Structures are given as structure tokens and as C-alpha cells.
Amino acid sequence: MKNNLKYKLICFDLDGTIIDETIFIWQTLHDALGSDKVRRKKYAQDFVDKKITYRQWAEHDLELWREVGATRSKMLDATKGLILMPGALETLNELKRLKEKAKKEGNFFKLAIISGSLNIALEKVLPNYKDYFDDVYINHLIFDGKDGENLVGIKTTAFDFENKADALKEIVARENIPLGECVFIGDHDNDIHVAEIAGLSIAFNCKSERLAQIADIVIEKKDLREILKYIL
Ligand SMILES: [Mg+2]
């Protein structure tokens with residue numbers, strides 16, 4: 001049976017796209033936990049200047065969080081202001097419905113997250129995210145100790161900033177989907193490279209001038225349902 005959906009893969013950024021009340025969760029956590037402002041700025045600059053890798057940057061940030069006594073409870077508490085983007089749940093439910101419909105008709109349709117956000121942020125706003133997404137590329141904090149409170153490490157994503165594009169390439173190669181049939185929705189500078197290669201790129205709740213310039217569509221209204229008319 002013919003797949004009458006224009007696009008077979010819809011990829012989302014998280015912070016500022018599906019998750020509201022944060023621009024970057026890392027920054028939100030630093031602010032809530034009160035970590036050293038001078039050093040966090042320096043590490044971010046070192047990453048931009050390519051003096052340290054993404055993984056090293058993440059490790060440095062973890063060190064800053066541990067210094068101020070970050071525990072699992074304190075970090076979860078720091079995510080309490082995060083909410084789903086207006087219209088996100090309705091949008092995801094509609095896409096999930098279409099995914100199930102396509103499956104029944106012998107077709108397929110995939111949903112993915114390609115993000116530099118943290119698992120605790122996604123779990124806060126959408127605990128059942130696995131019901132929606134086929135692929136989730138994200139950073140995972142690791143807690144340990146007998147009460148699971150100690151922040152002991154992080155499993156970093158290999159797919160943030162320019163490498164977000166590699167995550168998209170990995171999915172399309174595995175699923176045999178042309179890049180032209182992929183959609184990417186994001187809000188910031190770290191979404192530029194992946195937006196450049198996706199068949200349809202949507203800048204949503206956009207804070208990046210460059211992303212707005214290269215995106216096929218810019219959505220001004222802060223309601224994620226606005227994307228549906230372009231992708232269905
Ligand atoms: Mg974002």
C-alpha cells in the first residue's frame with residue numbers, strides 16, 4: 001500500500017521546542033543550583049573555541065554541580081518549572097495516532113528526538129515519552145549510591161550542535177528514508193546543521209537569527225500544533 005504521508009520521519013529538538021520555560025536545560029540547572037558562574041562561562045567558551053570536547057564540557061559542568069552539592073532530588077527539584085510547550089501534547093498525540101494508522105496500513109512513520117537536553121528534563125515533562133518516540137538522542141545523567149542520590153556521571157550524546165545532523169543521517173540510513181522525507185523542528189543555533197539537511201526544516205519559538213534564515217518555515221505563534229499543517 002502506498003504511504004500517503006509526505007514525510008516519514010519527524011525529528012524534534014527538546015529545550016525550547018518541546019520543553020518550555022527553558023532555553024537550555026544545562027543553564028537552567030546551573031542557575032537553580034547556583035554553580036560557579038565564571039567557570040561555567042569559561043567552559044562554554046572553551047567548547048566554542050574547540051579547546052575541549054563536548055564530553056569534557058559536560059564533565060566540567062558535572063563537577064560544578066557536584067561542588068554545590070547536586071543530588072538527584074535537588075536536580076529534579078530544579079526541573080520543576082519545566083512544562084510542555086503549548087500544543088505539544090496535542091501534536092504528539094496526533095502524530096502518534098498517524099503512526100499507528102500508518103502501521104495498520106502496512107506503512108511506517110517515525111518520530112525522533114535529537115537533543116542536547118538531559119533525560120531528567122524529558123522525564124519531567126513527558127514521563128511516557130517512549131510511547132511516542134522511536135529514537136531518542138539525548139544526554140543521560142547517572143546517579144548512584146544506596147539511595148540513588150549521588151550524581152556520579154553522564155552518558156553524553158554524540159549528537160549535539162553540528163553533530164545533530166549525524167543523528168539524522170544515522171536514522172535515515174537505518175530506516176532507509178530519503179533525507180528529503182524528513183522534518184526537523186528546532187529553536188536555536190545548535191539546530192542549524194541538522195535543519196540544513198532535513199527535507200523540511202521548521203524554526204519554532206526561534207531564538208537564532210541564522211536558524212530563522214536557513215529554515216524552510218518560521219513559526220511565530222508559540223503553539224506546536226502550528227507545525228501540523230506543514231507536515232501532514
Ligand atoms: Mg533547543
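Preceding block: the structure.
Note that residues are indexed from 1 along each chain, following the sequence as it is written. In view of the model being predicted, local features appear only for residues whose pLDDT reaches at least 70, and side-chain atom pairs are presented and counted only at 80 or more, with totals across whole chains, interfaces and linings using the full set of residues. Computation of side-chain values: all heavy atoms of the structure, hydrogens and water removed.

Caption draft 1: Seen up close, the coordination of the magnesium ion. For Na, K and Ca the donor cut-off is 3.2 Å; for every other metal, N, O and S atoms count as donors within 2.8 Å. Water does not enter the count, which can leave sites looking incomplete. In this structure, D13 (OD), D15 (O) and D187 (OD) serve as the protein donors to the magnesium ion, at separations of 2.1 Å. Between consecutive donors of the magnesium ion, the numbers of intervening residues give the motif D-x1-D-x171-D. Residue D15 is found in the loop between β1 (9-12) and β2 (19-20), and its partner D187 is found in the loop between β7 (182-186) and α8 (192-197); the two are separated by 172 residues along the sequence. Burial classes follow relative accessibility: with a 1.4 Å probe on protein chains only, a residue under 20% of its type's maximum area counts as buried, one over 50% as exposed, and anything between as partly exposed. D15 gets classed as buried once you look at its relative accessible area, which sits at 5%. On the basis of relative accessible area, D187 is assigned to the buried category, the value being 1%. Helix and strand labels come from DSSP, where a helix needs a run of H or I of at least four residues and a strand needs a run of E of at least two; each type is numbered from the N terminus.

Caption draft 2: Main features of the environment of L76. Turning to its location among the elements, L76 is positioned in helix α4 (residues 72-78). Remark: the alpha-carbon pair of L76 and I177, spanning 101 residues in sequence, is separated by 37 Å.

Caption draft 3: Examining helix α7 (residues 164-175) more closely. One less than the residue count of a helix, multiplied by 1.5 Å, gives the span that helix is expected to have. The terminal C-alpha atoms of α7 lie 17 Å apart, and with twelve residues this matches the ideal 16 Å at 1.5 Å per residue to within 8%. Positioned one or two residues after α7, N176 has a phi angle of 60°, which is positive.

Caption draft 4: How the structure looks around the nonpolar core. Counting 51 residues, the largest nonpolar core has F12, W65, M75, F133, L141 and I231 as its most contacted members. Should any heavy atoms of two residues lie within 4.5 Å, those residues are considered in contact. F12 has contacts with T17, I18, L92, L95, A112, I113, I114, F133, F184, I185, L224 and I227, leaving out every residue within four places of it along the chain. By size, the runner-up hydrophobic cluster in this structure holds 16 residues, among which are Y137, V172, I177 and C182. As used here, the term nonpolar core means buried Ala, Val, Leu, Ile, Met, Phe, Trp, Tyr and Cys residues forming a set that is joined through side-chain atoms within 4.5 Å.

Caption draft 5: Expanded view of the sheet that holds strand β5 (residues 135-144). Strand order across the open sheet formed by seven strands is β6-β5-β4-β1-β7-β8-β9, with mixed pairing between neighbours. In this open sheet, the two edge strands, each paired with only one partner strand, are β6 (150-155) and β9 (217-219). Averaged over all pairs of adjacent strands, the angle between strand axes in this sheet comes to 25°, irrespective of strand direction. We treat two strands as partners when DSSP finds at least two bridges between them. Strand direction decides the pairing type here: strand β8 (residues 200-204) and β9, joined by three bridges, are parallel. Within β9, the position partnered with A203 by the bridge is V218. Packed on one face of the sheet, helix α1 (residues 25-33) meets β4 (110-118), β5 and β6 and runs near 35° to β4. Axis definition: a line fitted to C-alpha atoms, limited for helices to the stretch in contact. Angles are taken between N-to-C directions and run from 0 to 180 degrees.

Caption draft 6: Summary view of the packing of aromatic side chains. Between the rings of Phe, Tyr and Trp (Trp by its six-membered ring), a pair exists once the centres lie within 6.5 Å; its type follows the angle of the planes, with under 30 degrees stacked, over 60 edge-to-face, and the other angles tilted. Scanning all chains against the criterion turns up nine aromatic pairs. Connected via pairs of aromatic rings, a cluster forms that spans F47, Y54, W57 and F161. Two thresholds decide whether a charge sits over a ring: the Lys NZ or Arg CZ must be within 6 Å of the ring centre and within 35 degrees of the ring normal. Just above the ring of F143 sits the side chain of R72; from NZ or CZ to the centre is 5.8 Å. Note that K96 overlies the ring of Y132, its terminal NZ or CZ placed 5.8 Å from the centroid.

Caption draft 7: Geometry of the pairing of β8. By the criterion of burial, β8 is predominantly enclosed, with five of the five residues buried. By the alternation rule, side chains of β8 split into L200, I202 and F204 and S201 and A203, which are all buried. In the sheet, β7 pairs with β8 via four bridges, with the strands oriented parallel. Opposite V183, over in β8, you have L200 as the bridge partner. Here the term right-handed applies to a crossover when the path leading from its first strand over the helix to its second strand runs clockwise, the strands being oriented away from the viewer. Handedness of the crossover is the feature at issue here: the chain leaves β7, passes through α8, returns alongside β8, and the resulting connection is right-handed.

Caption draft 8: Main features of helix α5 (residues 88-104). Helix length check: α5 (17 residues) gives 24 Å between terminal C-alpha atoms against 24 Å at 1.5 Å per residue, within 8%. Those residues of α5 that sit buried are A88, T91, L92, L95, L98, K99 and A102. Seen along its axis, α5 keeps its buried residues to an arc of 125°; they face one direction. Backbone geometry just downstream of α5 places G106 in the positive-phi region, at approximately 80°. When we speak of the arc, we mean the arc of directions from the helix axis to the C-beta atoms.

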